[in-house]
Amino acid sequence: MNLLNIGIKNIKGNLSSYITFFLATSFSVMIFFIFAMLIYHPQVINGVMKSSFRQGAIGVEIVIFTFLAFFVSYTLITYARKRSRDYAILQILGISSKQFMFLYLFENFVIFFSSIITGILLGLLFSKLFFIIIAYIIKDTVLDMYFPYKPIIITSLSFISVFIIVALISGLSMRFIKIINILKSNRKSQKTPKYNIIKIILGVLLIAVGYYLAYTATPKNLVQIFFPVLIMVIIGTYFFYDQSFIFFINTLKRNKKLYYKGINSLWISDLAHRLKDCTWVLFFSTIVIAIGLTAFSSIYSINYNARENLENNQEYSIVITSLDKFSKESVIDLKYLLDKKNVKYEYTNINAIVSKEFPNSVYIEKNKYLKSEINDKDDSIRNCNEKYILINNIKEPNITNSYKRIYTKLGKTYRNTPIYIVDKKEYTRLMRNMNRVQYHIFSYEDITLGAKDLTDINDQYYSKYKKHYLFHSKGVQYYRYTSQFNYILFLSFFVGIIFLICSGSMLYFKFFNHIEYDIDKFQNIVKIGLSKNEIRNTIRIQMAILFFLPIGFALSHSLFAMKALGNTAQFNIFTPVFIVIIGYLILQILYYFVINNRYTLHLISKIKF
Amino acid sequence: MLKIKNLRKVYTKGVNTEALKGINLEVEEGEFVGIMGPSGSGKTTLLNIISTIDTPSSGDILIKGQNLNKISKKELSIFRRDELGMVFQYFNLLDSLSVKENIALPMILNKEDVKNIDNEVLSISKTLGISELLDKHPYEISGGEAQRTAIGRAIINKPSLLLADEPTGNLDSKSSNDVMQLIELLNKERKTTTILVTHDPKAASFCNRVVFIKDGLLFNEIHKGDSQQQFFNDILKMLSFFNNKL
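The text that follows walks through the structure, step by step, so that each part is easy to find.

What counts, and where the lines are drawn
- Residues numbered from 1 in each chain as written.
- Chains lettered and ligands numbered in written order.
- Predicted model: local features only at pLDDT ≥ 70, side-chain atom pairs only at ≥ 80, totals over all residues.
- Helix = DSSP H or I, 4+ residues; strand = E, 2+ residues; numbered from the N terminus.
- Buried ≥ 20, exposed ≤ 12 C-beta atoms within 10 Å, placed from the backbone.
- Contact = placed C-beta atoms within 7 Å.
- Rg over C-alpha atoms; globule rule 2.2 N^0.38 Å.
- Nonpolar A, V, L, I, M, F, W, Y, C, P; charged D, E, K, R; others polar.
- Pairing = 2+ DSSP bridges.
- Axes fitted to C-alpha atoms, helices over the stretch in contact; angles between N-to-C directions.
- Parallel < 35°, antiparallel > 145°, perpendicular 65-115°, else oblique.
- Left-handed = near helix turned anticlockwise from the far one by under 90°.

## So, the overall build of chain B
The helix and strand tally for chain B stands at eight helices and ten strands. C-alpha atoms of chain B, sized along the principal axes, occupy 55 × 45 × 35 Å. Sorting the 246 residues of chain B into buried and exposed places 47% on the buried side. Long-range pairs, those at least 24 residues apart, make up 68% of the contacts in chain B between residues at least 6 apart in sequence.

## Notes on the overall build of chain A
The helix and strand inventory of chain A stands at 21 helices and eight strands. Its C-alpha atoms give chain A a radius of gyration of 33 Å, more than 25% over the compact-globule value 25 Å for 609 residues. Seen through its C-alpha atoms, chain A measures out along the principal axes to roughly 105 × 60 × 45 Å. For chain A, the residues scored as buried account for 36% of the 609 residues in total. In chain A, the proportion of contacts linking residues at least 24 apart, taken out of those at least 6 apart, comes to 82%.

## Section: the interface of chain A and chain B
Counting from both sides, the interface comprises 21 residues of chain A and, opposite them, 23 residues of chain B. Of all the secondary-structure elements, those providing two or more residues to the side of chain A that touches chain B are α1 (3-13), α5 (84-92), α6 (97-138) and α8 (179-184) of chain A. It is α1 of chain A that provides the largest number of residues to the side of chain A that touches chain B, a total of six residues. Each residue belonging to the side of chain A that touches chain B can be placed in one class, and the counts come to nine nonpolar, nine polar and three charged.

## Here we look at unusual backbone geometry
A negative phi angle characterises most non-glycine residues, just as the trans form characterises most peptide bonds. Residue and element names in this part refer to chain A. The phi angle at Asn 342 is positive, at roughly 60°, despite the residue not being glycine. Mapping Asn 342 onto the fold places it in the loop between α13 (324-340) and β2 (346-354). Note on Asn 342: 8 C-beta atoms within 10 Å, which makes it exposed.

## Here we look at the pairing of β2 of chain A
Residue and element names in this part refer to chain A. Relative to strand β7 (residues 435-443), β2 runs antiparallel, the two sharing nine bridges. Directly across from Glu 346, in β7, lies its bridge partner Ser 443. Two elements, β2 and strand β3 (residues 362-365), share two bridges in a ladder whose sense is antiparallel. Opposite Ile 353, over in β3, you have Tyr 363 as the bridge partner.

## Examining the packing of helix α3 (residues 99-109) of chain B against helix α4 (residues 114-128) of chain B
Residue and element names in this part refer to chain B. It is at 10 Å that the axes of α3 and α4 come closest, and there the two elements cross at 130°. By the angle between their axes, α3 is oblique relative to α4. The interaxial crossing formed by α3 with α4 has right-handed handedness. In this structure, α3 uses Lys 100, Ile 103, Ala 104, Met 107 and Ile 108 to contact α4, whose residues at the interface are Ile 117, Glu 120, Val 121, Ile 124 and Ser 125. Grouping the amino acids of the contact of α3 with α4 by side-chain chemistry returns seven nonpolar, one polar and two charged.

What follows is the structure in structure tokens.
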């Protein structure tokens, strides 16, 4: 029998209370590990996907790690505190500092280390699923499985270093806790929290001013007001939880008709204590959820508006420009693809000339242009007598001749190469030193049809003909845009879920830490006649308030933030924000039910009726 | 053995309250002293300070010539392990350990030989009448049994001072009697100096001497004569005198 045995017995004996700590840590490790697997995947490193893909994943990994490190530390400290009574007893029995640190680190390390292993195993298990989802979202092939020795090392080292730092600090601080306070805490009664009217007014003012500034934000002042508003709202939020809410509860208590009705007095009287206890967790989750929601909604809004912009702009669906010999092949390919996809398109072409290669200037003969189908139905080009007519908005075209600028649909489609319309004489003169090319123009309604195949054709010919080939397609743009945005969207959604689960779990830990107090309290009231259902309802109401208060508050924060962004970017925000919020709420409600059930079951099982 | 000189304790949280206003007390080797007094008189504070889990605002405590004010953190844990044994109202056993392991804990912390530990736990558990329960866990035994386990843990390292804070406060009268007889026995046979804080006049009547505290000051003390019954009556008289004075 030695200290090691005691440690092992302690772990066994406290298994039921350590299980949540274990699960929380395993979950965190799993998430981190899966992302590490993505980042260090050979196919990702060797550039099957774009480098921005890997950078995005690294960015998310850093955000996740910061947050998970905080979450894991919080969990570790909470669970160590739960056992402070045991540690106090050991100190009374005269455990030395060395022995104590050994026992403390050993017990926590065993749990922590097994969660790291579990997390990595779960990560391996779920990584394939994760890769499939990623592939589906970015519309690419699924990554192969591989043995991720680097991610395993990085994950283990990162979390072990978090553990060492937090466990050492919390272990040492545990040594200085006054034993007497711990032993007394069983019997300690709680004081009713008080509020300060000045702080309440200050808090309300800060939020009101912050909201007003956000609501009236203009593109000019957004950058200037950004940080002041952020700070005002953060401080205001803290005061709200710390002060205003207690004021609100006291007001409820004064309304005797309400307060004495049913179980109202039971949950209202206790709520102030719970809130005081959870102030930091609530505050923290509100800010995190608000930031997450705002980021997510703004990305979603941009994406939501992207397709609409693409469809409404004055461009052709597909335009190919290339040397005649090259373009024939791709036009056949394209027509075949569009027919296969049942796309009803209009096709036309026109000859042109280019000096050597793109993006040098392209010239089209005026008469041919006027006769062709791409001639816009107005007479501005016909009536123009200038030798050179530039039809797109290139800023500094590299020619010495004078020119007049008239925008056409073709010009709007091709923005990078200057396109001139010249008269027959000039055209013939230029032709001698130039290459003959041809424009192939396709128009059709739904640009999303066959977008992926179009992108493949595009990539294929670009790599084949390089600078002798120009390809423009709304479908390709749309495809590139959405797959990239879907990826970012997925990443931010993923981070959002983690925030949600973690902040919910922290609230749960808070509840769970007080379960003994709850058991005592309800046991006493059961004696004077309180039913199981009434206990359930009391917990349900309290938990619902604590669970949905941060989300409600965060919603209001992010709505104002989105309003400010909407004012400046001038796009439709309310539909996308609404979709995001509904999704988020559904998840939160699900999570609430799971946690509420778990807690109530545990509580009721400990109470004798 | 134990000398307390002009001990004061002021709680500064919120309103300043003086729990102990200058206590002087001496306890001889092998004595069995009871401390009584109404709620809030400071008796538990006094015991907590003697047991080193609370610190005095001023004044000195000497146990076997060792001044508790001048003891380092490192020496303190060794001091607690070797010289002090403590028993509480709520037992304070570790739920994850068996009765046997709970009793053995101080010896384990002292890195004693396994054989020694086993022998010692066995002999003590016989004296305490809990040798049948050694493999059970604290939540499987009764309050009286739990308190006897706690006493076993308190005396296994043969401390020079046994401190008991309301050891019968959570027990029925039969168990209370058993526990007090046990403490008395240990005091007589092992010559363990014992200090007991209690509300219960029956429990206090097992002591050689009872000290009364009121409002943070020593108020009176009475000694046991030949009969425990007579001593019990004296204690009751003293307590009713207290109540009348209120």
